[in-house]
Amino acid sequence: MSQNTPQLWDHLWKINTPEEDLYRLAQEEYSVRWRKIKDRIECNYGSFPGLKVIEIGAGTGTYAALMARQGAEVTILDYSERALDKAKIFFERNQVKANFILQDALNLPSELLGTFDVSMSFGLTEHFLGEQRLAINRAHFDVLKPGGLTFISVPNKYNPPYRLYKFVAQLTGKWLVGEEYPYSRSELFVICRKLNIAENQVFGESLKQSNYFLDLLNPWRLTNKFLLKRKMAETPTRFDVSALKPEQATFLDDYVSYALVLYARKPVVVKEQ
Ligand SMILES: C[S@@+](CC[C@H](N)C(=O)[O-])C[C@H]1O[C@@H](n2cnc3c(N)ncnc32)[C@H](O)[C@@H]1O
């Protein structure tokens with residue numbers, strides 16, 4: 001499996017059409033995950049204006065864009081130049097502002113430490129193992145002010161559609177995103193214990209999101225790739241924002257959904273580790 005490097009991500013990031021960029025942000029705004037994150041931030045801080053937020057390994061920076069829309073001052077950090085190019089276009093098209101930083105999250109400059117109210121990542125920390133896995137999680141707390149909040153969204157080991165898709169994609173050489181090691185809820189709690197983070201919680205996105213992996217495994221889709229490509233060329237994909245609806249939450253989301261989110265607070269007084 002390819003290693004997690006800036007070159008791997010530079011190669012993978014592609015610029016979307018303007019319609020797709022507007023659609024992707026609107027789609028996430030209707031997600032259960034966004035509603036849960038927004039509720040927690042509003043419950044803690046009241047509202048977004050005045051908050052300093054950083055998205056680490058941001059790629060497009062979808063959540064930073066959602067928070068910028070609510071009035072937060074957002075920073076996008078990624079070590080892939082191509083990811084930052086894509087993020088700049090995404091922000092411009094969605095008419096929101098950000099600071100963009102090209103930087104390895106495992107080697108953060110001192111001026112970023114202790115300066116944010118909220119840190120977050122979506123699909124970053126599962127690309128690390130061993131000491132680096134703990135270090136990348138720690139980086140989310142290092143950038144926070146005392147009492148700041150972090151949201152770390154990762155793939156769930158116990159989401160069957162994702163595990164099945166990953167297995168098939170790796171077997172057939174279709175897995176493109178390099179090394180990726182999903183988490184369990186208990187691993188996230190162990191990480192908090194190791195980092196002396198007492199206030200923590202794990203919640204999930206909507207389980208229905210995993211239908212995406214089942215669609216990718218659809219036998220018709222796999223065997224008729226040629227026909228599918230032709231059909232797609234004939235019928236351009238529509239990114240119809242008006243057709244979007246709020247996602248429904250279920251009691252299973254926190255346990256078996258694809259994305260688990262570690263929500264934690266940096267202690268006001270940091271203990272020795
Ligand atoms: C799977 S993508 C996730 C992007 C985005 N959050 C999303 O959900 O679309 C992982 C991103 O993390 C970035 N990344 C990986 N390791 C990094 C590191 N050590 N420092 C900074 N960025 C990193 C990659 O360049 C890539 O853009």
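See the structure printed just above.
To keep things clear, this report deals only with the structure shown in the data block.

Details of the overall build of the protein
The helix and strand tally for the protein stands at twelve helices and seven strands. Here the C-alpha atoms of the protein give a radius of gyration of 19 Å, agreeing with the 19 Å that 2.2 N^0.38 yields for 273 residues. For the C-alpha atoms alone, the extent of the protein along its principal axes is close to 60 × 40 × 40 Å. By sequence separation, contacts in the protein at least 24 residues apart represent 80% of the contacts at least 6 residues apart.

Here we look at the sheet that holds strand β2 (residues 73-78)
Pairing is mixed across the open sheet formed by seven strands, whose spatial order is β3-β2-β1-β4-β5-β7-β6. Each end of this open sheet is capped by a strand with a single partner; those strands are β3 (99-102) and β6 (200-204). Geometrically, the sheet is characterised by an average inter-axis angle of 20 degrees between neighbouring strands, direction not taken into account. Bridge analysis of strand β4 (residues 116-122) against strand β5 (residues 144-155) gives six bridges, and the strand direction is parallel. Across the sheet, residue F116 finds its bridge partner in β5, namely L144.

Regarding the site of the ligand
Every one of the 18 residues lining the ligand counts as a neighbour, but W9, G57, G59, S80 and A105 are closest to it. When its residues are assigned to classes, the shell around the ligand shows nine nonpolar, seven polar and two charged.

Some details on the pairing of strand β1 (residues 52-56)
On any regular strand, side chains alternate: one points to one face of the sheet, the next to the other face. The element β1 is largely enclosed, with a buried count of four among its five residues. Pairing of β1 with β2, which is carried by five bridges, proceeds in the parallel orientation. Pairing of E55 across the sheet is with I76, part of β2. One crossover worth recording links β1 to the parallel β2 by way of helix α4 (residues 62-69), and it is right-handed. In terms of strand pairing, β1 meets β4 through three bridges, oriented parallel. Within the sheet, the bridge partner assigned to E55 lies in β4 and is M120.

What counts and how
- All chains use their own residue numbering, which begins from 1 and follows the written sequence.
- In keeping with the model being predicted, local features are shown solely for residues with a pLDDT of at least 70 and side-chain atom pairs are shown and tallied solely at 80 or more, while totals for entire chains, interfaces and linings include all residues.
- Numbered from the N terminus, helices here are DSSP runs of H or I no shorter than four residues, and strands are runs of E no shorter than two.
- Atoms counted for the radius of gyration: C-alpha only. Globule rule: 2.2 Å times residue count to the power 0.38.
- By definition, residue pairs are in contact when their C-beta atoms, positioned from the backbone, come within 7 Å.
- Only when DSSP finds a minimum of two bridges between them are two strands counted as paired.
- Every axis in this analysis is a line fitted to C-alpha atoms, fitted for helices over the stretch in contact. Angles between the N-to-C directions lie between 0 and 180 degrees.
- Working rule for contacts: place C-beta from the backbone, and if it is within 6 Å of a molecule or strand, that residue counts as near it.
- Polar here means any residue outside two lists: the nonpolar Ala, Val, Leu, Ile, Met, Phe, Trp, Tyr, Cys and Pro, and the charged Asp, Glu, Lys and Arg; Gly therefore counts as polar.
- We call a residue exposed when 12 or fewer other C-beta atoms sit within 10 Å of its C-beta, buried when the count reaches 20 or more, and partly exposed for counts in between; the C-beta positions come from the backbone.
- Orient the strands so they point away from the viewer; a crossover is then right-handed if the path from the first strand over the helix to the second runs clockwise.

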